[in-house]
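# Breakdown of the fold
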Amino acid sequence: MSAPTPAAVSSMGDGGRQRFGRDRRIVAALAITQTIGYGVLYYAFSVFLAPLQHDLRASSTQVAAAFTLAVLTSALCAPLVGRWLDVRGGRALMTAGSILGALAVGAWSQVQNLPQLYAVFVAVGVASAMALYEAAFAVVVSWFDGQGRANALLALTIVAGFASSIFLPLSGLLLEAYGWRRALVVLALLYGALAIPLHAVVLRRRTHPPTYRRGAAGERAGPDRARCHP
């Protein structure tokens with residue numbers, strides 16, 4: 001999100017400065033958790049595909065089906081996640097999703113056969129629905145108004161877009177150094193150590209009143225909300 005002008009900052013009361021600081025913390029926290037979340041739960045799979053295929057004595061199609069299962073599971077969970085976010089906000093949900101994601105990646109490191117792999121990736125799909133973009137965007141939309149919302153969404157999308165650039169080479173280095181099982185343990189610990197506390201401590205439900213817009217004739221309009229145009 002864009003920084004306010006010096007005059008705007010000087011005119012803020014204590015509440016305004018606290019709100020601006022929390023705005024920045026929320027965007028920064030979500031940028032970190034989305035980057036590492038996509039890196040570990042999404043992009044790392046392609047790095048471990050070949051060693052999984054070798055150790056599980058399975059075809060590439062059979063192993064890749066696990067990732068497809070995760071994507072389908074995430075899509076099926078989306079309506080339930082959306083209803084939870086509408087009623088209770090994202091803090092508890094995204095924290096729980098981070099815990100589940102870290103546990104799932106840790107369990108992934110221990111799989112011995114395809115059924116176990118598929119079960120793990122069902123859990124990865126549920127965790128992705130709870131803790132990745134859809135939930136993060138809902139938190140941003142509920143917290144910010146107007147241009148601040150647009151700036152926050154843009155910042156979050158740009159930063160998290162580097163997930164593949166960071167985690168594909170990082171996963172490859174870990175694979176070469178430790179083997180795929182230990183590499184996944186390292187990634188699970190890294191994800192859990194960052195995402196769980198950031199979601200639990202930084203995220204909050206909105207307590208400030210919405211910003212109201214003025215219509216063309218100067219009348220008071222409803223609260224500024226994100227709109228979808230056909």
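See the structure printed just above.
Residues numbered from 1 in each chain as written. Predicted model: local features only at pLDDT ≥ 70, side-chain atom pairs only at ≥ 80, totals over all residues. Heavy atoms only, no water.

### Here we look at the environment of Ala136
For Ala136, the position within the fold is in helix 6 (residues 133-143). Residues Ala136 and His199, 63 residues apart in the sequence, show an inter-C-alpha distance of 9.9 Å. Excluding residues within four positions of it along the chain, Ala136 makes contact with Leu30, Gln34, Met94 and Leu156. (Helix = DSSP H or I, 4+ residues; strand = E, 2+ residues; numbered from the N terminus. Contact = heavy atoms within 4.5 Å.)

### Here we look at the nonpolar core
Counting residues in each nonpolar core, the largest one holds 61 residues, and the members touching the most others are Leu30, Phe48, Leu52, Trp108, Leu117 and Phe121. Elements supplying a minimum of two residues to this core: helix 2 (14-55), helix 3 (60-88), helix 4 (91-108), helix 5 (114-131), helix 6, helix 7 (146-160) and helix 8 (163-202). Once residues lying within four places of it in the same chain are set aside, the contact partners of Trp108 are Val40, Phe45, Phe48, Leu52, Leu117, Val120, Phe121, Trp180 and Leu184. (Core = buried A, V, L, I, M, F, W, Y, C linked by side-chain atoms within 4.5 Å. Buried < 20%, exposed > 50% of the residue type's maximum accessible area, 1.4 Å probe, protein only.)

### Details of the environment of Leu187
Counting through the fold element by element, Leu187 comes out in helix 8. For Leu187, a relative accessible area of 0% puts it in the buried group. Distance from Leu187 to Leu174, taken between C-alpha atoms, is 8.8 Å for residues 13 residues apart in sequence.

### Section: a nonpolar patch on the surface
On the surface, Leu154, Ile158, Val159, Phe162 and Ile166 cluster together to form a nonpolar patch covering roughly 450 Å² of accessible area. Tallying contributions element by element places helix 7 first for the nonpolar patch, with three residues. Structurally, the position occupied by Phe162 is in the loop between helix 7 and helix 8. According to the relative accessible area criterion, Phe162 is partly exposed, its value standing at 47%. (Patch = residues over 30% accessible without salt bridge, like charges linked within 9 Å, V, L, I, M, F, W, Y side chains within 5 Å. Areas by Shrake-Rupley, 256 points an atom, 1.4 Å probe, with all protein chains shown as cover. Salt bridge = Lys/Arg side-chain N within 4 Å of Asp/Glu carboxyl O.)

### Remarks on the packing of helix 3 against helix 5
Orientation of helix 3 relative to helix 5, taken along the N-to-C sense of each, is 35°, at an axis distance of 7 Å. The handedness of the crossing between helix 3 and helix 5 comes out as right-handed. Between helix 3 and helix 5, the contacting residues are Gln62, Val63, Ala65, Ala66, Phe67, Leu69, Ala70, Thr73, Ser74, Cys77 and Val81 on the first element and Leu114, Leu117, Tyr118, Phe121, Val122, Val124, Gly125, Val126, Ser128, Ala129 and Met130 on the second. (Axes fitted to C-alpha atoms, helices over the stretch in contact; angles between N-to-C directions. Left-handed = near helix turned anticlockwise from the far one by under 90°.)

### Digging into unusual backbone geometry
The residue Arg57 is not glycine, and still its phi comes out positive at about 50°. Along the chain, Arg57 falls in the loop between helix 2 and helix 3.

### A short note on the packing of aromatic side chains
The description of two aromatic rings rests on the distance between their centres and on the angle between their planes. According to the stated counting rule, one finds ten aromatic pairs in the structure shown. When the centroid spacing of 5.8 Å and the interplanar angle of 65° are considered together, the rings of Tyr38 and Tyr42 count as edge-to-face. Note that Tyr38 and Tyr42 are positioned in helix 2 at a spacing of four residues, about one turn of the helix. Ring geometry for Tyr42 versus Phe67: centroids 5.1 Å apart, planes at 70°, classification edge-to-face. Of this pair, Tyr42 sits in helix 2 while Phe67 is found in helix 3, placing the two residues 25 residues apart along the sequence. Classification of Tyr42 by relative accessible area gives partly exposed; the value is 37%. Members of the aromatic cluster, each reached through a chain of ring pairs, are Tyr38, Tyr42, Tyr43, Phe45, Phe48, Phe67, Trp108, Phe121, Tyr133 and Phe137. (Phe/Tyr/Trp six-rings, centres within 6.5 Å; stacked < 30°, edge-to-face > 60°.)

### Section: helix 3
A rise of 1.5 Å per residue sets the reference length of helix 3, with its 29 residues, at 42 Å; its end C-alpha atoms lie 41 Å apart and thus fit the reference within 8%. At Ala78, helix 3 shows its largest bend, some 40°, and a proline, Pro79, comes one to four positions later. Those residues of helix 3 lying buried are Val63, Ala66, Phe67, Ala70, Thr73, Ser74, Cys77, Val81 and Leu85. Directly beyond the C-terminal end of helix 3, a positive phi value near 80° is found at Gly89. (Expected span 1.5 Å × (residues − 1). Bend = angle between axes of the 7 residues up to and from the residue.)

### Considerations on the environment of Trp108
By the element assignment, Trp108 lies in helix 4. Residues Trp108 and Tyr118, spaced ten residues apart in sequence, show a C-alpha to C-alpha distance of 9.5 Å.

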